[in-house]
Amino acid sequence: MELNKIICPENRVYKKPELLNDTHMHYCPGCSHGVVHKLVAQVIEEMGMQEKAIGVSPVGCAVFAYNYIDVDWLQAAHGRAPAMATAAKRLMPDKLVFTYQGDGDLAAIGTAETIHACNRAENITIIFINNAIYGMTGGQMAPTTLLGQKTATCPYGRRVDLNGYPLAIAPLLAQLDGTCYVTRQSVHNVANVRKTKAAIRKAFENSMKGIGTSVVEVVSTCNTGWKLSPEKANEWMVENMFAKYPLGDLKNREE
Amino acid sequence: MKGNEALAVAAIRYGADAYFGYPITPQSEVLETLEALKPWETTGMVVLQAESEVAAVNMVYAGAACGKTVLTSTSSPGFSLMQEGMSYMAASEVPALMINVMRGGPGLGTIHPSQADYFQACKGGGHGDYHAIVLAPSSVQEMVDFVALGWDLAFKYRCVSMILADGVVGQMMEKVVLPEQRPRRTEEEIRKLCPWAVTGRKDMRPRNVITSLELDDDIMEANNHRFQATYREIEKNETRCELINTEDCDYLIVAFGSPARISMKAMEMAREQGYKVGLARPITLWPFPVNQIREAAKNVKGILCVELATGQMIEDVKLAIECSKPVEHFGRLGGNVPAPDEILNALHEKFLDK
Ligand SMILES: Cc1ncc(C[n+]2csc(CCOP(=O)(O)OP(=O)(O)O)c2C)c(N)n1
Ligand code: SF4
Ligand SMILES: [Mg+2]
């Protein structure tokens, strides 16, 4: 068979979402951010929300998310994305408004904005990339950094007496009456990528139904910050991160 | 009506889309009035008590970035927390209205009136090279009128407008004429008026992004030149100052806000004593009315700046006249407000009796 007969639309098994534009991503090879971007673009496209989606990008490695996913974007100050999303959604309730935040952005400097947006039951989705480190600024300790984990600001490993405990914020948010859906996923293999996509879809649908705040935590790798190869980073995540941040739904309220 | 209440009503009447704020004396009546009037049931205006001034200013930032007509109000400590957001809004060139009803500082300070946030408001309290238009009301009527003026200017220049009131103006009661109710802008109107706004990609128009980030040095330099060009344009067109008895005056008082009202009385008392005293009341603090002050000061022997601060505006007055005349300061601090005879005494002490 000739090659051009094989490479034809009927045989296509995969297509890059149109909303994921051709700009070169600045993410390190192996980074989870790129995979999650693709899923967000896919879900918006599959829901037909291209004209209604508004993203709020964080300060962190995903600050330039607006260069990659071809919808309207607001770029927030560090930690303030949920406050911005609150206003955008309240002013335009027919829009699909979501934030995309790292663990420093969401669980350190933006803890107040996160908790209060969730507690007010804002009809937004929060996509939370938990890579246990400050990727963008060069690998400093995050609130989510594991005990013993080495970073630029805990070079001998995180210690309780010096740095306190790693913060699992999803269970905290799940306790709040304002959240309808809090889930923890990962994107280190195909099965989990699919689950994460389904979770984002559910969260976005919740936002449009107006039943409260949805939080999709993606336990992620930062192979550069962790100083591991992409493959080793995945292994390290499975071995170490999942114990503190186990995958699965923490809350799933349907109405 | 109270200044703060009148301002809240004026915001609804202008057709505001949203107010985001956090309670702090002496301006909590703004949020209280809005909550009592429930504009969401009439005009559809959103009113939200945020978890902090930090959240509130970022809600304002988002609303403004969506092309909506949004405002917040606060007092000095809260205004400090809003500086990061102001800097972002200036950098993103979005139109918003902010109100600071000043109280005495530094720190938690006092809940009583002050004008000590002049530097912070006029010289850019947040980081980076930026300005907001700063309007200084001295009556309850101006608390009303400057809401419309502030938003009109903000949308005209895509910048932040501020109403910088002292606690007296926020709390005092006067008769006011309120404007007619205007309808809120529809989404279609916003798309037309603010084609840059984040409103979703209707009809798959190219995406809109509101960001203050630019890592290309040359583009960021060009952005800064563009901001500055806007500021020069504002300086050229929007400077406002009220001049009273300045044609023949030998001495000039410069004051804004409630001290200008009190200084007016002091001026009248001085004139009764036979001294030719005039008053210049800057209405825009940024842009500062340089030309008007210079003109009014042309033939005077001395200038007295009256401020509820240790002397902040006085620097702009000295710059305006290029230190060509003696300029003296008189002010009360800590929430104290001077009586007219205190200002008259200061005039005597510093100029008339010398
Ligand atoms: C007010 C403020 N403080 C600090 C910074 C510096 N800063 C930029 S990104 C970042 C941490 C981001 O880490 P995270 O949210 O975990 O995102 P990641 O890069 O890991 O995806 C910090 C501290 C900033 N930009 N603004
Ligand atoms: S530094 Fe880490 S989080 Fe940032 S792009 Fe690289 S791998 Fe991803
Ligand atoms: Mg991180």
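Values in this document were obtained by computation on a predicted structure and should not be read as measured data. Residue positions are counted from 1 within each chain, in the order its sequence is given. In the order they appear in the text, chains get letters beginning with A and ligands get numbers beginning with 1. Residue-level local features of this predicted model are given only where pLDDT is at least 70; pairs of side-chain atoms are given and counted only at 80 or more, and the full residue set underlies all totals for whole chains, interfaces and linings. The side-chain quantities take in all heavy atoms of the structure and omit both hydrogens and water.

(A) Main features of a negative patch on the surface. Residue and element names in this part refer to chain B. Patch members must show over 30% relative accessible area and no salt bridge, and they are joined within 9 Å when carrying like charges or within 5 Å when they are nonpolar side chains of Val, Leu, Ile, Met, Phe, Trp or Tyr. Areas reported here follow the Shrake-Rupley algorithm with a probe of radius 1.4 Å; residue values treat only the protein chains shown as occluding. What counts as a salt bridge is simple: a side-chain nitrogen of Lys or Arg found within 4 Å of a carboxyl oxygen of Asp or Glu. Think of it this way: Lys and Arg go in the positive column, Asp and Glu in the negative one, and His and the chain ends go nowhere. For the purpose of locating charges, the reference atoms are NZ of Lys, CZ of Arg, CG of Asp and CD of Glu. A cluster of like negative charges, contributed by Asp-216, Asp-217, Asp-218 and Glu-221, occupies part of the molecular surface. Comment: elements are numbered from the N terminus, with helices defined as DSSP H or I runs of at least four residues and strands as E runs of at least two. Assignment of secondary structure puts Asp-218 in helix α10 (residues 217-237). Owing to a relative accessible area of 58%, Asp-218 belongs among the exposed residues under this scheme. The rule is simple: take the accessible area with a 1.4 Å probe, protein chains only, and divide by the maximum for that residue type; under 20% is buried, over 50% is exposed, in between is partly exposed.

(B) Main features of α10 of chain B. Residue and element names in this part refer to chain B. Expected span, for any helix, means 1.5 Å times one less than how many residues it has. Compared with an ideal rise of 1.5 Å per residue, which puts 21 residues at 30 Å, α10 spans 30 Å between its outermost C-alpha atoms and is within 8% of the ideal. Among the residues of α10, those classed as buried are Asn-223, Phe-227, Thr-230, Tyr-231 and Ile-234. Seen from one end, α10 has its buried residues packed into an arc of 100°, which puts them on one side. Turned more than 90 degrees away from the buried face of α10 sit Asp-217, Asp-218, His-225 and Lys-236, all of them exposed. Looking at the buried positions of α10, the neighbouring elements they touch are α5 (83-92), β5 (133-135), α7 (140-157) and β11 (284-286). Throughout, the arc means that of the directions going from the helix axis to the C-beta atoms. We call two residues in contact whenever any of their non-hydrogen atoms come within 4.5 Å of each other.

(C) Spotlight on the nonpolar core. Counting residues in each nonpolar core, the largest one holds 130 residues, and the members touching the most others are Leu-74 of chain A together with Phe-20 and Ile-303 of chain B. Residue assignment places this core across two domains, with domain 1 (3-191) and domain 2 (241-352) of chain B each supplying three or more. By nonpolar core is meant a set of buried Ala, Val, Leu, Ile, Met, Phe, Trp, Tyr and Cys residues that side-chain atoms within 4.5 Å join together. Counting 38 residues, the second largest nonpolar core, distinct from the first, contains Met-47, Met-49, Trp-73 and Leu-96 of chain A. For the domain bounds, the source is a domain assignment made automatically or taken from a database.

(D) Representation of the packing of helix α11 (residues 258-272) of chain B against helix α14 (residues 340-352) of chain B. All names here are of chain B. Lines are fitted to the C-alpha atoms to define the axes, a helix being fitted only along its stretch in contact, and any angle between axes, read from their N-to-C directions, falls within 0 to 180 degrees. At their nearest, the axes of α11 and α14 sit 8 Å apart, and the two run at 60° to each other. Considering the angle they form, α11 stands oblique to α14. Remark: the crossing between α11 and α14 carries right-handed chirality. Contacts between α11 and α14 involve Ile-262, Ser-263, Lys-265, Ala-266, Met-269 and Ala-270 on the former and, on the latter, Pro-340, Asp-341, Ile-343, Leu-344 and Leu-347. Looking at the contact of α11 with α14 residue by residue, the class counts come to 8 nonpolar, 1 polar and 2 charged. Here the word oblique covers every angle except those under 35 degrees (roughly parallel), over 145 (roughly antiparallel) and from 65 to 115 (roughly perpendicular). Handedness of each helix crossing follows the sense of rotation of the near helix against the far helix: counterclockwise by less than a right angle gives left-handed, clockwise gives right-handed. Any residue that is not Ala, Val, Leu, Ile, Met, Phe, Trp, Tyr, Cys, Pro, Asp, Glu, Lys or Arg is counted as polar, Gly included; the first ten are nonpolar and the last four charged.

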